[in-house]
Amino acid sequence: MMLPSLLLLGFVTLQRLAELLIARRNTRALMARGAREAGAAHYPVMVALHAAWLGGLWLLALGHQVQVGWLAVFLLLQALRVWVLMTLKGRWTTRVIVLPGEQLVTAGPYRLFRHPNYVIVAVEIAALPLAFGLPLYALLFSILNAAMLWVRIGVENAALSGQ
């Protein structure tokens, strides 16, 4: 019974670590091309929030049965996440990085939403705990993430409008 939860949490952990490496590489490349970062002050809070979410899942969800319906939602979100990364390519990062003179991306999921990655993350924050039968955990981190996204989207919109 522990193996499915262990595999799922391991997958998410490895995925997030890989994304941090990709983001670091992309950030360095963008900065070398003259990009600037906006909202650096909120970034450590966002990282701490996501680390707490994942760390808490390791503590509370390990050994829980994985609910197939919520797992399917989570897996669909992973496909959408890949779509976002493939659309942005070298412009994808976990920070708010603006390269002056570059046009906003309007292809892929950006045709549908201005901030598709934030929609995906918001649903993930709830879906993964729900897959482990942790509705209060999902609610708590959804509220915390909504507050973080309110700050983050404000910073990003301001930075992109001043591009």
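See above for the structure.
A short tour of the structure in this document, coming up. Worth saying up front: this structure is predicted, and the values here are computed from it rather than measured.

Description of the pattern of salt bridges
When the charged atoms of two side chains with opposite charge come close together, those side chains can pair.
Link 1 in the chain: One pass over the structure, following the stated rule, counts six salt bridges.
Link 2 in the chain: Measuring nitrogen to oxygen at the nearest pair gives 2.9 Å for the salt bridge that ties Glu 124 to Arg 16. Taken together, the residues span a long stretch of sequence, with Glu 124 in helix H4 (residues 116-131) and Arg 16 in helix H1 (residues 2-32) at a distance of 108 residues. Here Glu 124 and Arg 16 have matching classes, each one buried.
Link 3 in the chain: In this structure, Glu 102 engages Arg 91 in a salt bridge whose closest nitrogen and oxygen atoms are separated by 3.5 Å. In this pair, Glu 102 sits in the loop between strand S2 (96-98) and H4 while Arg 91 sits in the loop between helix H3 (68-88) and S2, placing the two residues 11 residues apart along the sequence.
Link 4 in the chain: Relative accessible area serves as the criterion here: at 28%, Glu 102 is assigned to the partly exposed category.
Link 5 in the chain: It is possible to trace a salt-bridge network through shared partners that takes in Arg 16, Glu 19, Arg 81 and Glu 124.

Comments concerning the packing of H4 against helix H5 (residues 135-161)
For any two helices packed against each other, one specifies the crossing angle of their axes together with the interaxial distance.
Link 1 in the chain: For the pair H4 and H5, the least separation of the axes is 8 Å and the interaxial angle reads 170 degrees. Judged on the interaxial angle alone, H5 and H4 are roughly antiparallel. Like other packed secondary-structure pairs, H4 and H5 cross with a definite hand, here right-handed. Of the residues in H5, those in contact with Tyr 118, Val 121, Ala 122, Ile 125, Ala 126, Pro 129 and Leu 130 of H4 are Pro 135, Tyr 137, Ala 138, Phe 141, Ser 142, Asn 145, Leu 149, Arg 152, Ile 153 and Glu 156.

Points about helix H2 (residues 43-60)
Link 1 in the chain: Between the first and last C-alpha of H2 there are 26 Å, a value that for 18 residues agrees with the 26 Å anticipated at 1.5 Å per step.
Link 2 in the chain: Within the span of H2, buried status applies to Tyr 43, Met 46, Leu 49, Trp 53, Leu 54, Gly 56 and Leu 57.
Link 3 in the chain: Its buried side turned inward, H2 meets H1, H4 and H5.

Describing the nonpolar core
Generally speaking, a soluble globular protein has its nonpolar side chains buried in company with each other.
Link 1 in the chain: Judged by nonpolar contacts, the single largest core of 20 residues is most densely connected at Leu 8, Val 12, Trp 53, Leu 57, Leu 128 and Phe 132.
Link 2 in the chain: Within the residue set of this core, elements represented by two or more residues are H1, H2, H4 and H5.
Link 3 in the chain: Looking at which element gives the most residues to this core, the answer is H2, with six residues.
Link 4 in the chain: Those residues within four positions of Leu 57 in sequence are excluded, and the remaining contacts are Leu 9, Leu 62, Leu 128, Pro 129, Phe 132, Leu 134 and Tyr 137.
Link 5 in the chain: Grouped together as the second largest cluster of nonpolar side chains are nine residues, Ala 23, Leu 77, Leu 88 and Ala 127 included.

Calculation criteria
Residues numbered from 1 in each chain as written. Predicted model: local features only at pLDDT ≥ 70, side-chain atom pairs only at ≥ 80, totals over all residues. Heavy atoms only, no water. Salt bridge = Lys/Arg side-chain N within 4 Å of Asp/Glu carboxyl O. Helix = DSSP H or I, 4+ residues; strand = E, 2+ residues; numbered from the N terminus. Buried < 20%, exposed > 50% of the residue type's maximum accessible area, 1.4 Å probe, protein only. Axes fitted to C-alpha atoms, helices over the stretch in contact; angles between N-to-C directions. Parallel < 35°, antiparallel > 145°, perpendicular 65-115°, else oblique. Left-handed = near helix turned anticlockwise from the far one by under 90°. Contact = heavy atoms within 4.5 Å. Expected span 1.5 Å × (residues − 1). Core = buried A, V, L, I, M, F, W, Y, C linked by side-chain atoms within 4.5 Å.

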